[in-house]
Each structure stands twice: as C-alpha cells, then as structure tokens.
Amino acid sequence: MDGEATYVIRPNPKYKFKPAIVKKCIREIVRERLSGMHYDPEEVPQLTSSLAECIKDKVKGLGFDRYKLVVQVVIGEQRGQGVKMSLRCLWDADTDNYAEEVFINESLFCAVTVFGSYYY
C-alpha cells in the first residue's frame, strides 16, 4: 500500500472479502483439527480459542487489505439435539461480508463464522 491514499472508501475488487475462499479455508482447518476428535468439555475453551486464531491468521494471509476480521467459533457436544444461532450486524452491504461453515462428527459439532468488515 505504499503511496496509496488512506481514504479509499471502496475495496479494490481484487482484494474484496470473498466468502467462498474464506469458507474453503475454514473447512480445511476445521476438518484437519477436529476429524476423529472426541468432545471433551475441559479442552473446548482452549480448542475454540486456538481454532479462531488459526483461522484468523490464515484468512489474513489471503490479502483482504483493509478488512477487520472477527472470527467466532462454537463447539458443542453432538447428542442429536438441534442448535439455532442467530446474529445481527450493522454494516455496508457493498463491502462487508461473512463466511460460515459447520463441522459435525459423532462426538461434537463446530460452527465457525468469519466476518470481514471493510475499514474506511
């Protein structure tokens, strides 16, 4: 960004947050880290934190310049129950976006959401 104006109000299309690419990254990381893992309530706090950091670092490396990233990871025990989650955000529909992915195995479920909010 050397020499570029800092008052850019729209992202270059090349660097715009792309949910499909982010979703693929989330899927790869979650499958690699959680496949075959059994739910352990003692490990979940550390696991959610480390997954969020890993995902954030990977998405930052994709080059979405000027985006603030927020990563939410929820892990719970899989007992056949239903879970509903919702959220509400105020953002610019032209620049901001999100990607989400759900992983389920016999023992646990993991829902990950990555929000990309453009920094004006």
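Cut-offs applied
- Residues numbered from 1 in each chain as written.
- Predicted model: local features only at pLDDT ≥ 70, side-chain atom pairs only at ≥ 80, totals over all residues.
- Heavy atoms only, no water.
- Pairing = 2+ DSSP bridges.
- Helix = DSSP H or I, 4+ residues; strand = E, 2+ residues; numbered from the N terminus.
- Axes fitted to C-alpha atoms, helices over the stretch in contact; angles between N-to-C directions.
- Contact = heavy atoms within 4.5 Å.
- Salt bridge = Lys/Arg side-chain N within 4 Å of Asp/Glu carboxyl O.
- Buried < 20%, exposed > 50% of the residue type's maximum accessible area, 1.4 Å probe, protein only.

## Focus: the sheet that holds strand E3 (residues 108–118)
So, point 1. Read across the sheet, 3 strands follow the order E1-E3-E2 without closing on themselves; strand pairing throughout is antiparallel. Of all the strands in the sheet, just strand E1 (67–77) and strand E2 (97–104) have a single pairing partner and so form its edges. When strand polarity is set aside, the average angle formed by the axes of neighbouring strands in this sheet is 10°.
So, point 2. Sheet topology places E1 next to E3; 11 bridges connect them, and they run antiparallel. Following the sheet pairing, Val74 is matched in E3 by Ala111.
So, point 3. Packing against the sheet, helix H1 (residues 19–34) makes contact with E2 and E3, and its axis sits at approximately 25° to E2.
So, point 4. Seen against the sheet, helix H2 (residues 44–60) touches E1 and E3 and runs at an angle of roughly 150° to E1.

## A short note on the pattern of salt bridges
So, point 1. If you walk through the whole model with that rule in mind, you get 6 salt bridges.
So, point 2. Here Glu53 makes a salt bridge to Lys56, at a shortest N to O gap of 3.4 Å. Of this pair, Glu53 and Lys56 are both found in helix H2, 3 residues apart, which corresponds to roughly one turn of the helix.
So, point 3. You can call Glu53 partly exposed: its relative accessible area is 40%.
So, point 4. Linking Glu77 and Arg79 is a salt bridge whose minimum nitrogen-to-oxygen distance equals 3.4 Å.
So, point 5. Residue classification places Glu77 among the partly exposed residues on the basis of a relative accessible area of 32%.
So, point 6. Arg79 gets classed as exposed once you look at its relative accessible area, which sits at 66%.
So, point 7. Taken together, the salt bridges that share partners define one network made up of Arg10, Asp92 and Asp94.

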